[in-house]
Amino acid sequence: MHSDDHSLFVVSKEDWSLHRKGYQDQVRHQEKVKEMIKQNLPDLITEESIVMSDGKQIIKVPIRSLDEYRFIYNFQKQKHVGQGDGDSQVGDVLARDPAQKPGQGEKAGDQPGYDIMEAEVSMEDLENMLFDEMELPFMKPKEQQDVETESITFNDIRKKGMQSNIDKKRTILENLRRNATTGNPGIHHISPDDLRYKTWEEIVVPHSSAVIIAMMDTSGSMGSFEKYCARSFFFWMTRFLRRQYEKVDIVFLAHHTEAKEVTEEDFFTRGESGGTICSSAYQKALEIIDRRYPPSKYNIYPFHFSDGDNLTSDNERCVRLIGELLKVSNMFGYGEVNQYNRSSTLMSAYRNIKMDQFMYYVIKEKGEVYHALRTFFKKQEGALT
Amino acid sequence: MNNQDEIKQLEYAISEIMEIADGFGLDYYPMRYEICPADIIYTFGAYGMPTRFSHWSFGKTFNKMKMQYDFGLSKIYELVINSNPCYAFLLDGNSLIQNKLIVAHVLAHCDFFKNNFRFSASNRNMVESMSATAERISQYEMEFGTEAVESFIDAVLSIQEHVDPQLIKAPHLDKQRYMEHKIKEQKESAKHDPPAGDYDDLWSLDAPKSKEKDASASRHFPPEPEKDVMWFIQEFSEVLEEWQRDIMSMLREEMLYFWPQMETKIMNEGWASYWHQRIIRELDLTSEETIEFAKLNSSVVQPSRNSLNPYYLGLKIFEDIERRWDHPTKEEQELAGRKPGQGREKIFEVREFDSDISFIRNYLTKELTEDLDLYVFEKKGPEWKITDKGWERVRDQLVVSRVNGGNPYLVVSDGDYLRNGELVLRHEYEGTELDLKYMERTMPYVYQLWGRTVHLETIIEDKKVMFTHDGKKLHRKFV
């Protein structure tokens, strides 16, 4: 039929290594994902999957905004045609939506059928994005900071060095390479030119430590939302301080009418009933500092989370104890989780504290944990760094 | 074995296969086979064309596809481009027998591109056209900034499916002629009385088209609902700059090029699978080769659960047509005058004149539906359930899912709404609701392109709803 066409075919195999378009656009896509993550930081950092991740290094965050939006049909309300293996019946169940967990009512939109993109971010990237905008205020030079630890890392290769530090593998590689270029491959005639030495660098690490005194109201009035906000906050705060200090301790103090030191687990999960006397926690904090964390050696960060529902007669005592705590601490942070914007007794007293090192923030919704972090650790001019 | 030997062997096999294909009457363009590494094949797969413009969304697709390949979840063995000469990209590392199957498969695709009616208006130089488009877009990026171009393309891509793929569209592409034509048509139609009964319009089918509109409607803009939303916005938006109109028109061309492929997916894959089987049967294969062929062949055409494998469905329908025209029943012989032994001829005719919709409507039979165990399923409460196995409903549902390439059918119903230059898009509701979350996110894009308030009419839970985006917020109003 088309005899002239028949010989018209060509087979070729070319070098495609310069065709990088797919990779370039992939990089662009990743950049956009990153931008998106940055824009969504306030929501992301309180994502349960992260706060509860227990130090997983790669986390998945749902990114909606990077879908390619178009007018499409509602997959859920559409009829589809499928194929069985021969004996399908009307009424057969093909799939079931995962049961909605109670308490996740708001997430009704996240149903299968949507192509929710999950971006993988490393914890480190996320920290970098978040902490880039933050700084630790009121750092005080501690006596121990003068004590610097020196450590040695072998991280360089040179042609000259001590005999004991010969890098055998690299030396042999050099020998192989040289022999190969002279047309006589193999390992032989190791010359001084082939010798490679490992060499080290001294690194100076300032030895510094910090302690966070995490105090939280665990009285009946603190619900799961309040605790979750506090938990997110402490999660990031600990990570932030770990970047600044070599060693960060965290002490958990739960209080209602009296305070006691508890484990992290208990701190975030156990609830108690009864009223609230915040000064009990401050008192306890002072005792612990006195006993275990001498201010001369430690940077101390007492932070207190409450719903602000304090016994009114206790407020004055609280203000006084904060003053005392501030004498030994770098700063004191008070976070009030107050969903409904009630006027709280504690806040009315704290509003009048005029000390730079005392900071407070009222969190009304999850996203504000981010703003609280930024308020407490905002970059300051003239601060010691 | 070195590269040269491999290529020699492949060349030998290709000429053998082509000879067989010619014997069967396949009619294709000159072929260019390129052997490429996996990442290149996947790049082409993600972009749809090796020379297409750059955009992050392709990067996203590429990344996804490549990852599936790296994890061994999926493999693309070949890609074929509708062009003259026809480019086929073979995955480097395919075995010789795999390549034989692919070469045969690709020839049938090319035959389909060349002969199917839906492709008759295809630009066969699209490889070069797209390359020119990519070049121009990157020029614009340099001139107007990458961000500006990218965010504009984001917006255009959001409505790119809304073109009018009709093959005969004389008045298009010329704004003035378009308007004149439409207005003239309307004046003429105004002379006719609107039809009185449901079927009255059938009587006047031969007469010039009658429309239920009075003369005052001629002030309507556009005079008729316009299916080609891309074209309409590109021509009539008051905020677009020249480079933006240029990009829109180029992307519209690309969509029109891809459209026939979306319309004939089942047929085209069925056709190619049909022929690679027939052609390979003619070759002398060793027993190992036969097993390898069988493996690959079955992985291509295997049925899949909950979704339809177009290769399999298309193949089965073609085989069924051939059988029914080779061995017509007595009834068919008497009533339709069908003579035995015309199977081959018939499938060539089908490949020329049908598209997926008519292919399924005309040739998916009761026996075949039952044989393939096809069903309709939908969501009932939290469960996805089989709700119907009646063959006609299955067939009709398949047809419905292929209407307008599977996209909701939107038209511009008013380009000067409230005499304020606002744009009204109307969703021609046919029983399936829009995805509202996606709609919410798409409307700002339409606003970005139109530059004034945009509206969308659709049906939600049997109620007419109008969504309005005024540049700040989306409002919903029950009409």
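Just so you know, these numbers come straight off a predicted model, no measurement behind them.

Undergrad: How would you sum up the nonpolar core? Please name residues and give values.
TA: One finds B:Ile233 and B:Ile247 to be the most contacted residues of the largest nonpolar core, which totals 71 residues. When residues of this core are assigned to domains, at least three map to each of domain 1 (3-116 + 264-295) and domain 3 (408-478) of chain B. With near-sequence residues (within four places) excluded, B:Ile233 lies in contact with B:Ile159, B:Leu240, B:Arg245, B:Met248, B:Leu423, B:Val446, B:Leu449 and B:Trp450. Core analysis: the next-biggest nonpolar cluster, separate from the first, contains 66 residues, A:Phe9, B:Ile7, B:Ile35 and B:Leu315 among them.

Undergrad: Please set out empty space enclosed by the protein residue by residue, giving values where relevant.
TA: Residues and elements named next belong to chain A. Scanning the entire structure with this criterion turns up two cavities of 30 Å³ or more. Of the pockets and cavities examined, the largest cavity occupies roughly 60 Å³. If you trace the largest cavity, you find it lined by Thr 218, Ala 254, His 256, Lys 260, Val 262, Asp 266, Arg 270 and Glu 272. Partitioned by chemical class, the residues of the lining of the largest cavity number two nonpolar, two polar and four charged.

Undergrad: Break down the packing of aromatic side chains for me, with residues and values.
TA: Residues and elements named next belong to chain B. Considering all chains together, one arrives at 54 aromatic pairs over all chains under this definition. Measuring from centroid to centroid gives 5.0 Å for Tyr 274 and Trp 275, while their planes differ by 80°, and the two rings are edge-to-face. Taken as a pair, Tyr 274 and Trp 275 share a single burial class, namely buried. Over the ring of Trp 325 we find Arg 338; its NZ or CZ atom is 3.5 Å from the centre of that ring.

Undergrad: Can you break down unusual backbone geometry residue by residue, with the values?
TA: All names here are of chain B. The omega angle of the peptide bond from Asn 84 to Pro 85 is 0°, so this bond is cis rather than trans. Among the secondary structure elements, Pro 85 is positioned in the loop between strand E2 (78-81) and strand E3 (86-91). A positive phi angle is found at Asn 404, which is not glycine, with a value near 55°. Here Asn 404 shows up in the loop between helix H18 (391-402) and strand E6 (410-417). At Glu 461, a residue that is not glycine, the phi angle is positive and equals roughly 45°. Within the secondary structure layout, Glu 461 lies in the loop between strand E8 (454-460) and strand E9 (463-469).

Undergrad: Please give an account of the interface of chain B and chain A that cites residues and values.
TA: Residue-level contacts link 97 residues of chain B with 60 residues of chain A. When the buried surface of chain B facing chain A is broken down by residue, B:Trp56, B:Trp384 and B:Tyr438 rank first, second and third, together holding 12% of it. Linking chain B to chain A there are 10 salt bridges. Inspection of the chain B/chain A interface yields 38 residue pairs in polar contact (both at pLDDT 80 or more). Per-element tally for the side of chain B that touches chain A: the top contributor is helix H3 (residues 56-70) of chain B, with nine residues. The residue makeup of the side of chain B that touches chain A, split by class, is 46 nonpolar, 22 polar and 29 charged.

Undergrad: Can you explain the sheet that holds strand E4 (residues 93-96) of chain A? Please cite residues and give values.
TA: An order of E3(A)-E4(B)-E5(B)-E4(A) is seen for the four strands of this open sheet, with the pairing classed as antiparallel. Among the strands making up the open sheet, the edge pair consists of strand E3 (80-83) and E4 of chain A. Strand-to-strand twist in this sheet, taken as the mean axis angle between neighbours without regard to direction, amounts to 40°. Pairing geometry for E3(A) and strand E4 (residues 374-380) of chain B, over four bridges, is antiparallel. Bridging across to E4(B), A:His80 finds its partner in B:Phe377. Seen against the sheet, H18(B) touches E3 of chain A together with E4 and strand E5 (383-388) of chain B and runs at an angle of roughly 70° to E4(B).

Undergrad: Residues and numbers for the pairing of E5(B), please.
TA: Pairing analysis gives three bridges linking E4(A) to E5(B), with the strands arranged antiparallel. Looking at the pairing, A:Val93 lines up with B:Lys385 of E5(B). Across five bridges, E4(B) lies against E5(B) in antiparallel orientation. If you follow B:Lys379 over to E5(B), its bridge partner there is B:Trp384. The turn joining E4(B) and E5(B), which pair antiparallel and follow one another in sequence, is formed by two residues; a positive phi near 65° is taken by B:Gly381.

Undergrad: An account of the sheet that holds strand E12 (residues 332-337) of chain A is needed here, citing residue identities and associated values.
TA: Residues and elements named next belong to chain A. Taking strand neighbours across the sheet as the criterion, the six strands line up as E10-E9-E8-E11-E12-E13 in an open arrangement whose pairing is mixed. At either margin of the open sheet sits one strand with a lone partner, and together these are strand E10 (259-262) and strand E13 (358-363). Ignoring which end each strand starts from, the neighbouring axes of this sheet average 20° apart. Strand direction decides the pairing type here: E12 and E13, joined by six bridges, are parallel. Across the sheet, the residue bridging to Phe 332 is Phe 358, located in E13. Running at roughly 135° to E12, helix H10 (residues 315-328) makes contact with strand E11 (298-306), E12 and E13 of the sheet.

Undergrad: Describe helix H4 (residues 96-115) of chain B, and please don't skip the residues or the numbers.
TA: If you check H4(B), its first and last C-alpha atoms are 28 Å apart, about what 20 residues at 1.5 Å a residue would give, namely 28 Å. Of all 20 residues in H4(B), 18 are buried, a share of seventy percent or more.

Undergrad: Can you tell me about the confidence of the model for chain A, naming the residues and giving the values?
TA: Residue and element names in this part refer to chain A. On average, chain A scores 78 in pLDDT, and the residues at 70 or more come to 81%. Ranking the elements of chain A by mean pLDDT puts helix H1 (residues 3-6) last, at 46, and helix H9 (residues 279-292) first, at 91. Note that pLDDT drops below 50 for residues 1-6; the model gives that stretch eight contacts with residues more than four away or on any other chain. Predicted confidence for residues 100-115 stays below pLDDT 50, and this span has 18 contacts to residues more than four positions away or in other chains.

What counts, and where the lines are drawn
- Residues numbered from 1 in each chain as written.
- Chains lettered and ligands numbered in written order.
- Predicted model: local features only at pLDDT ≥ 70, side-chain atom pairs only at ≥ 80, totals over all residues.
- Heavy atoms only, no water.
- Core = buried A, V, L, I, M, F, W, Y, C linked by side-chain atoms within 4.5 Å.
- Buried < 20%, exposed > 50% of the residue type's maximum accessible area, 1.4 Å probe, protein only.
- Domains from an automatic or database assignment.
- Contact = heavy atoms within 4.5 Å.
- 1 Å grid on protein atoms, 1.4 Å probe; cavity = no way out; pocket = protein on both sides within 12 Å on 5 of 7 lines; lining within 4 Å.
- Points joined across faces, edges and corners; volume = space filled by probe spheres on them.
- Nonpolar A, V, L, I, M, F, W, Y, C, P; charged D, E, K, R; others polar.
- Phe/Tyr/Trp six-rings, centres within 6.5 Å; stacked < 30°, edge-to-face > 60°.
- Lys NZ or Arg CZ within 6 Å of the ring centre and 35° of its normal.
- Helix = DSSP H or I, 4+ residues; strand = E, 2+ residues; numbered from the N terminus.
- Buried area = accessible area lost by both parts, 1.4 Å probe.
- Salt bridge = Lys/Arg side-chain N within 4 Å of Asp/Glu carboxyl O.
- Polar contact = N/O pair within 3.5 Å; in protein donor to acceptor, adjacent residues only side chain to side chain.
- Pairing = 2+ DSSP bridges.
- Axes fitted to C-alpha atoms, helices over the stretch in contact; angles between N-to-C directions.
- Expected span 1.5 Å × (residues − 1).
- pLDDT = per-residue confidence, 0-100.

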